[in-house]
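Secondary and tertiary structure notes
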Amino acid sequence: MTHTALYDSSIGLISLTLDGEVLVGLRFGTSPSLGVLKSRCLEVSLRWLDFYFSGRQPDFMPPISLRGTDFQQRVWQALVEIPYGQTISYGELARRVGCRSAQAVGQAVGRNPIAIIVPCHRVVGSDGSLTGYAYGIEKKQFLLQLEKQHNPI
């Protein structure tokens, strides 16, 4: 059974969707209420967000389940591997997943169901420009700036 919870972040409400004991969705904005259930997964997910929005790099991951095609899953796994406070281009991400099309990779990035934790905001244009973010360039810029200010590197 699916449940939702809201998190009030410094850049707006975030809706978390849980299916059993795994996080399956994290999006800016609100979702229709499907009943909130206290769970270990929710506690860990909220703690992760608290760390992140306080400017600390979380050193743990909540239990997540990325549901998509094999190609999308390869792209999303590659997103998780982008270090905190760093960015890569869509072209570089395409090379990492063995795809010739940065556009196809961009489409998979845009369908990422778990924003922030699966850091699609860390993918930029080939010239370093902040292109394409489902929740708006302002949010992408905020997240990257937050990480840059607190990046230990």
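In the block above lies the structure referred to throughout.
In this report, the structure presented in the accompanying data block is examined. (Residues numbered from 1 in each chain as written. Predicted model: local features only at pLDDT ≥ 70, side-chain atom pairs only at ≥ 80, totals over all residues. Heavy atoms only, no water.)

**Details of the overall build of the protein**
In terms of helices and strands, the protein carries 5 helices and 5 strands. Listed N to C, the secondary structure of the protein is β-β-β-α-α-β-α-α-β-α in terms of helices and strands. Relative to the 2.2 N^0.38 estimate, which gives 15 Å for 153 residues, the radius of gyration of the protein is 15 Å and therefore close to what a compact globule would have. In terms of overall dimensions, the protein has a C-alpha envelope of 45 × 35 × 25 Å along the principal axes. A fraction of 54% describes how many contacts in the protein between residues 6 or more apart in sequence connect residues 24 or more apart. For the protein, the accessible area works out to roughly 7900 Å², and carbon and sulfur atoms hold 51% of it. Of the side chains in the protein, 15 bear a positive and 12 a negative charge, and the two mean positions are spaced by 4 Å. (Helix = DSSP H or I, 4+ residues; strand = E, 2+ residues; numbered from the N terminus. Rg over C-alpha atoms; globule rule 2.2 N^0.38 Å. Contact = heavy atoms within 4.5 Å. Areas by Shrake-Rupley, 256 points an atom, 1.4 Å probe, with all protein chains shown as cover. Lys, Arg positive; Asp, Glu negative; His and termini not counted. Charge placed at Lys NZ, Arg CZ, Asp CG, Glu CD.)

**What about unusual backbone geometry?**
Look at isoleucine 116: it is not a glycine, yet its phi comes out positive at around 70 degrees. Looking at the element boundaries, isoleucine 116 is found in the loop between helix 4 (102–110) and strand 5 (123–124).

**A few points about the environment of proline 83**
Mapped onto the elements, proline 83 comes out in the loop between helix 2 (70–80) and strand 4 (88–89). C-alpha of proline 83 to C-alpha of leucine 26: the two residues are 57 residues apart in sequence and 20 Å apart in space.

**Brief notes about the layout of surface pockets**
The space that makes up the largest pocket amounts to roughly 180 Å³. Surrounding the largest pocket, 14 residues form its lining, Trp48, Pro58, Val80, Ile117 and Arg122 being those nearest its centre. Within the lining of the largest pocket, the residues separate by chemical class into 11 nonpolar, 1 polar and 2 charged. (1 Å grid on protein atoms, 1.4 Å probe; cavity = no way out; pocket = protein on both sides within 12 Å on 5 of 7 lines; lining within 4 Å. Points joined across faces, edges and corners; volume = space filled by probe spheres on them. Nonpolar A, V, L, I, M, F, W, Y, C, P; charged D, E, K, R; others polar.)

Note that all results are geometric; they support no functional claim without further evidence.
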